[in-house]
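These are the residues of each chain, in order.
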Amino acid sequence: MDSINRIRKLVSSWYIRYLTATELYMVEPWEKIFIHILFGLFFAIFWYFNSSIIVNGISQLRFPSNVEEMKSLN
């Protein structure tokens, strides 16, 4: 039980640090929800961009699909 309280206290302190760093501690609750949704959308778009475009582009550069692409790289 002591470890659960310690984890809960740690998460609470990190949440307070997050609110302080982003200055969300001084806004209304509905504004916090709106900004959290915007943060979530931003990170989801960022993750999608990295996983679909960047990783796909790097894999095509590392492993060309045909011989013509390999000749053009040399």
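Bear in mind the structure is a predicted one, so any value in this text is a computation, not a measurement. (Residues numbered from 1 in each chain as written. Predicted model: local features only at pLDDT ≥ 70, side-chain atom pairs only at ≥ 80, totals over all residues. Heavy atoms only, no water.)

**With respect to unusual backbone geometry**
Point 1. With a phi angle near 60°, Glu 23 is a residue other than glycine that sits in the positive phi range.
Point 2. Locating Glu 23 in the fold gives a position in the loop between helix 1 (2-21) and helix 2 (29-62). (Helix = DSSP H or I, 4+ residues; strand = E, 2+ residues; numbered from the N terminus.)

**Quick notes on a nonpolar patch on the surface**
Point 1. Judged by side-chain polarity, Trp 30, Ile 33, Phe 34, Ile 37, Leu 38, Leu 41 and Ile 45 come together as a nonpolar surface patch covering roughly 780 Å² of accessible area.
Point 2. Within the secondary structure, Leu 38 sits in helix 2.
Point 3. Taking relative accessible area as the criterion, Leu 38 reaches 43% and is therefore assigned partly exposed. (Patch = residues over 30% accessible without salt bridge, like charges linked within 9 Å, V, L, I, M, F, W, Y side chains within 5 Å. Areas by Shrake-Rupley, 256 points an atom, 1.4 Å probe, with all protein chains shown as cover. Salt bridge = Lys/Arg side-chain N within 4 Å of Asp/Glu carboxyl O. Buried < 20%, exposed > 50% of the residue type's maximum accessible area, 1.4 Å probe, protein only.)

**Considerations on the packing of aromatic side chains**
Point 1. With the rule as written, the count across this model stands at 3 aromatic pairs.
Point 2. For the pair Tyr 15 and Tyr 18, a centre-to-centre distance of 6.2 Å together with 35° between the ring planes defines the contact as tilted. Here the residue Tyr 15 and the residue Tyr 18 both occupy positions in helix 1, the gap between them amounting to 3 residues, near one helical turn.
Point 3. The exposure class assigned to Tyr 15 is partly exposed, which follows from its relative accessible area of 40%.
Point 4. Note on Phe 42 and Phe 46: the rings are 6.4 Å apart at their centroids and 15° apart in plane angle, and the pair reads as stacked. Of this pair, Phe 42 and Phe 46 both sit in helix 2, separated by 4 residues, roughly a single helical turn.
Point 5. If you follow Arg 17 out to its NZ or CZ, it ends over the ring of Trp 14, 4.5 Å from the centre. (Phe/Tyr/Trp six-rings, centres within 6.5 Å; stacked < 30°, edge-to-face > 60°. Lys NZ or Arg CZ within 6 Å of the ring centre and 35° of its normal.)

**Considering the pattern of salt bridges**
Point 1. A complete count under the given rule lists 1 salt bridge for this structure.
Point 2. When the shortest N-O distance is used, the salt bridge between Arg 6 and Asp 2 registers 3.8 Å. Linking Arg 6 with Asp 2, this pair stays in helix 1, spanning 4 residues, or about one helical turn.

**Brief notes about the confidence of the model for the chain**
Point 1. Averaged over every residue, the pLDDT of the chain is 85; residues scoring 70 or more account for 85%.
Point 2. Summarising per-element confidence for the chain, the mean pLDDT is lowest in helix 3 (residues 67-73) (59) and highest in helix 1 (93). (pLDDT = per-residue confidence, 0-100.)

**A few points about helix 2**
Point 1. Across its 34 residues, helix 2 extends 48 Å between first and last C-alpha, which sits within 8% of the 50 Å expected from 1.5 Å per residue.
Point 2. For helix 2, the principal kink sits at Asn 50 and spans about 30°. (Expected span 1.5 Å × (residues − 1). Bend = angle between axes of the 7 residues up to and from the residue.)

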